[in-house]
Amino acid sequence: MPVSYREIAADLRQQISEGRYLPGDKLPMLTQLQEQYGAGYQTVRSAITLLEQEGLVVAVRRRGTIVRERPEKRRITRSRQVFRDEIGYFFDQTAQAWTALEAPTIRWGVIPVDLTGLMGLDPGAEVLIRDRVIGDPETRKPKQLATSYLPADLARGTQLAEADTGPGGIYDRLEEMGHRPLRWSEGVSARMPSPEEAEALNLPADVGVPLLRVVRVTTSPDSGVVELNDTRMSAEEFEIGYSIRRHASARLADDDGEPDDDH
């Protein structure tokens, strides 16, 4: 039975995973792979294309198919807590030292359809949109894209619509406006980047690197949703981590069958 392109891709993928092909190594030429697997040109080409789509290899002109160098993945620990320093509130300690690499882009627009339900607004509702590129202040390397959406009737005519929102940023301004105490909830998902997002985060143009997406909803007791923050980062460079605690139902039992309160 002829070998399929998926079987060829699976074998090459395993060899890359096991280190038989290291980052920077060149895979055999297509003609060599044809002979090795007893497959036709199109079958071998489809296998390589699949590995390219997965971000494992890249075609380099005049060099061939090269195993990609991939960044070391860093964990962002979401501890289900909000922190504060001299600058204001922040949500993970890994990113505490990062700053906006340029002035925010501020505009009035329409909330994306996939976020309308979270904000409790009707499709097409006007919002204030604040776009920021967040990164390492020393290397100037972008790490995150952060977009805040605020209801238009809440933000219009206030400092929330200014480039410089002052000490503590938008969250201090919201609490000063009476929307206190602020509360937060968030969800984590993934999607492919737009061309503009890929360019802003310096993602490789020749492979598909997905975005890790953290959507945080800010609410106040009296006003409901006062802000929604959509943060995107490279899923190749970051992962979300958190600790897992034992629920009472999962406690260890001692010899008498009673829950052990020390765990």
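Before reading further, recall that the structure is shown in the block above.
Residues numbered from 1 in each chain as written. Predicted model: local features only at pLDDT ≥ 70, side-chain atom pairs only at ≥ 80, totals over all residues. Heavy atoms only, no water.

**Side note on the overall build of the chain**
Move 1: Scanning the chain from N- to C-terminus turns up 7 helices and 13 strands.
Move 2: Computed over the C-alpha atoms, the radius of gyration of the chain is 24 Å, more than 25% above the 18 Å expected from 2.2 N^0.38 for a compact globule of 263 residues.
Move 3: The principal-axis extents of the C-alpha atoms in the chain amount to approximately 70 × 65 × 40 Å.
Move 4: Looking at the chain residue by residue over its 263 residues, the buried ones come to 40%.
Move 5: Summarising the internal contacts of the chain: among those between residues at least 6 apart in sequence, 58% fall at separations of at least 24.
Move 6: Within the structure as shown, the chain displays about 15,600 Å² of accessible surface, and the carbon and sulfur contribution to it stands at 48%. (Helix = DSSP H or I, 4+ residues; strand = E, 2+ residues; numbered from the N terminus. Rg over C-alpha atoms; globule rule 2.2 N^0.38 Å. Buried < 20%, exposed > 50% of the residue type's maximum accessible area, 1.4 Å probe, protein only. Contact = heavy atoms within 4.5 Å. Areas by Shrake-Rupley, 256 points an atom, 1.4 Å probe, with all protein chains shown as cover.)

**Focus on the packing of helix α2 (residues 30–37) against helix α3 (residues 41–53)**
Move 1: α3 packs onto α2 with a crossing angle of 110 degrees between their chain directions and a minimal axis gap of 9 Å. The angle between α2 and α3 places the two elements in the roughly perpendicular class. In this structure, α2 contributes Leu30, Leu33 and Gln34 to the contact, and α3 contributes Tyr41, Val44, Arg45 and Ile48.
Move 2: Tallied by class, the residues present in the contact of α2 with α3 amount to 5 nonpolar, 1 polar and 1 charged. (Axes fitted to C-alpha atoms, helices over the stretch in contact; angles between N-to-C directions. Parallel < 35°, antiparallel > 145°, perpendicular 65-115°, else oblique. Nonpolar A, V, L, I, M, F, W, Y, C, P; charged D, E, K, R; others polar.)

**Some points on the side chain of Glu236**
Move 1: Secondary-structure assignment places Glu236 in the loop between β12 (224–234) and β13 (238–241).
Move 2: Polar side-chain contacts of Glu236 include one of 2.8 Å to the side chain of Arg68. (Polar contact = N/O pair within 3.5 Å; in protein donor to acceptor, adjacent residues only side chain to side chain.)

**Quick notes on the packing of aromatic side chains**
Move 1: The tally for this structure, following the rule as stated, stands at 7 aromatic pairs.
Move 2: With a centroid separation of 5.4 Å and 20 degrees between ring planes, the pair formed by Phe83 and Phe90 is classed as stacked.
Move 3: With relative accessibility at 13%, the residue Phe90 sits in the buried group.
Move 4: Ring centres of Trp98 and Phe238 lie 5.6 Å apart, and the angle between their planes is 65 degrees; this geometry places the pair in the edge-to-face category. With Trp98 in the loop between β5 (89–90) and β6 (99–100) and Phe238 in strand β13, the pair connects residues that are 140 residues apart, well separated along the chain. (Phe/Tyr/Trp six-rings, centres within 6.5 Å; stacked < 30°, edge-to-face > 60°.)

**Comments concerning the nonpolar core**
Move 1: Core analysis: the biggest nonpolar cluster contains 18 residues, and Ile8, Leu12 and Leu33 have the highest contact counts within it.
Move 2: Among the secondary structure elements, those contributing two or more residues to this core are α1 (5–17), α2 and α3.
Move 3: Considering every element that reaches this core, the biggest residue donor is α3, with 5 residues.
Move 4: Residues within four places of Leu33 in sequence aside, it is in contact with Leu12, Pro28, Gly38, Val44 and Ile48. (Core = buried A, V, L, I, M, F, W, Y, C linked by side-chain atoms within 4.5 Å.)

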